[in-house]
Structures are given as structure tokens and as C-alpha cells.
Amino acid sequence: MNEQKEDIIESSPFRGSVGHHPTAYDSIKKATEACGFLQMSEISTCTLLKTLAASKPSGEFLELGTGTGLATAWILDGMDEESTLISLDNDETLLSIAKENLGIDKRLTLICTDGNEWIKKNSKMRFSFIFADTWPGKYMMLEETLAMLAPGGIYIIDDMLPQPNWPEGHADKVANLMATLDNREDMAVTKMGWASGIVLVVKK
């Protein structure tokens, strides 16, 4: 890269801070680091979630894989007061951090459960926004999860670019997932080589 291009990038408004953080973000991040949980959503992914959430007024939101609630906080920050978010995880220790920091928000329902079982039991529900950040809803129960997406609804997944912690054979699972989404004629799909690798899907 030549010096002129480097100067342009350094002075670009795309560099620097990400602007406003959710009120609970710093305390959640500190608690997440203290408990040794390493699978935190990237800040760039979180800001995208907030922006997309803002596009769905009075929306019904679903997050599969709460973790400690880092991404949850950003989704809530983008939602309006008439929207609701169901977020679930099977790890009560991680979920307790989200409950402590976000449980006061009446728009949010946090559930400790097995994701696959929850999807089966709630298959008739419809959502305008689904963020699948765990195996259920992404590598498991994909068809059932996509069926829960309302027309015009957004389905988001991340960690699609190669990661150092991927186990052997995981790249094949990612490739199969991408092929499945590409072959869906009822979905508009955009793959973003950005952050950890985001795929944005909208149901036609």
C-alpha cells in the first residue's frame, strides 16, 4: 500500500471509536473477562446488530446464544420501546451475567434452556429478527429456525470466516451451511468478509 492510501485510511471517518456504547456494555464486558469466557461478539458485529435492530420498529426479536449478554445489550440498544427480545442460552453461569445487567429491561426475556428443544416447542412463533450465535439455529435446526422468520425478517450469523479455534472439520460445516443458504430461493443472502465473517439473510 502506498503512502497516499495509508494517509487516506488513517484520516478516514471509518477509523476510531464506534460511538455510543450501551449503558450495561462495560460492566458486562468486565464480568465476561473475569469469568474467562472468550467467545465474545466483536464490537463491529455488535454495532451492526444495533443498526439492524433499529430497522425493525415494534419488532419481535430472537437471539440464540445469549452468552453473557454483550450482543444482547447492543440489540436492545437498537430496539424501540414497542419491540421485544427473547434471548436464550443453556449456560446458567453465563446467563446470570446477562440477567444481572440487563434483567431490568422489560422488553427482554432471558431463558436458560436447550436451544434445539426450545425451537421445536416454539416453531409456530414468528420473528422479524433472528441472531443465531450458537449451534442451534445455525448448524442444527436451521430449516426450523428459518421457518420462524417472518417475511422481510432478518437472519444474522457470524464467525463464518476461518477462526484459529475451529476444530477439525468445522470448515466443512461452514461450507455446507453457506451452500444451503445460497440454494434457498426464498432468501436474499449477502456474505460479508468483515468482522468475524457475517452473513445477512432476508426472507422474501
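Look up a bit, the structure's there.
All of these numbers come straight from a predicted model, not from anything done at the bench.

Novice: Describe the pairing of strand β4 (residues 127–132), and please don't skip the residues or the numbers.
Specialist: Across the 6 residues of β4, 6 count as buried, placing the element largely inside the fold. Note: strand β1 (residues 60–64) against β4, 4 bridges, orientation parallel. Each bridged residue has a counterpart across the sheet, and for F61 the counterpart in β4 is F129. One ladder, built from 4 bridges, connects β4 with strand β5 (residues 149–157); its direction is parallel. Bridge pairing in β5 places F127 opposite L149. Tracing the backbone out of β4, into helix α7 (residues 142–147) and back to the parallel element β5 gives a crossover that is right-handed.

Novice: Please give an account of the pattern of salt bridges that cites residues and values.
Specialist: Following the criterion strictly, the structure yields 9 salt bridges and no others. Residue K99 pairs with E92 through a salt bridge whose shortest N-O separation is 3.2 Å. When the shortest N-O distance is used, the salt bridge between D182 and K191 registers 2.7 Å. Counted as one network, the salt bridges with shared partners bring together E143, R184 and D186.

Novice: Please set out unusual backbone geometry residue by residue, giving values where relevant.
Specialist: In this structure, S58 is a non-glycine residue whose phi angle is positive, near 55°. In this structure, D159 takes a positive phi of about 60° despite not being glycine. For D159, the location among the structural elements is in the loop between β5 and α8 (170–182).

Novice: I'd love a proper account of the side chain of T32, names of residues and values included.
Specialist: With respect to the helices, strands and loops of the structure, T32 is situated in helix α2 (residues 25–34). We classify T32 as buried; its relative accessible area is 0%. Separated by 2.6 Å, the side chains of T32 and T68 make a polar contact. Residues within four places of T32 in sequence aside, it is in contact with F37, M40, T68, L70 and I97.

Novice: Describe the sheet that holds β5, naming the residues involved and giving the relevant values.
Specialist: Within a beta sheet, neighbouring strands are joined by backbone hydrogen bonds and run either parallel or antiparallel to one another. What the 7 strands build is an open sheet, ordered β3-β2-β1-β4-β5-β7-β6; its pairing is mixed. Here the strands that pair on one side only, and so sit at the sheet edges, are β3 (108–112) and β6 (187–192). With direction set aside, neighbouring strand axes in the sheet form an average angle of 15°. Relative to β4, helix α3 (residues 43–54) is tilted by about 175°, and along the sheet it contacts β1, β4, β5, β6 and β7 (198–203).

Novice: Before we move on, can you summarise the layout of surface pockets with the specific residues and values?
Specialist: Rolled over the atoms, a probe sized like a water molecule indicates the empty space that remains. Roughly 880 Å³ of volume is contained in the largest pocket. Lining the largest pocket are 36 residues, and of these F37, Q39, D133, T134 and D159 sit closest to its centre. Among the elements of the structure, α4 (70–78) and β2 (84–89) are those that each provide at least two residues to the lining of the largest pocket. Class assignment of the residues belonging to the lining of the largest pocket gives a composition of 12 nonpolar, 15 polar and 9 charged.

Here is what the cut-offs are and how they apply
Residues numbered from 1 in each chain as written. Predicted model: local features only at pLDDT ≥ 70, side-chain atom pairs only at ≥ 80, totals over all residues. Heavy atoms only, no water. Buried < 20%, exposed > 50% of the residue type's maximum accessible area, 1.4 Å probe, protein only. Helix = DSSP H or I, 4+ residues; strand = E, 2+ residues; numbered from the N terminus. Pairing = 2+ DSSP bridges. Right-handed = clockwise from strand over helix to strand, strands pointing away. Salt bridge = Lys/Arg side-chain N within 4 Å of Asp/Glu carboxyl O. Polar contact = N/O pair within 3.5 Å; in protein donor to acceptor, adjacent residues only side chain to side chain. Contact = heavy atoms within 4.5 Å. Axes fitted to C-alpha atoms, helices over the stretch in contact; angles between N-to-C directions. 1 Å grid on protein atoms, 1.4 Å probe; cavity = no way out; pocket = protein on both sides within 12 Å on 5 of 7 lines; lining within 4 Å. Points joined across faces, edges and corners; volume = space filled by probe spheres on them. Nonpolar A, V, L, I, M, F, W, Y, C, P; charged D, E, K, R; others polar.

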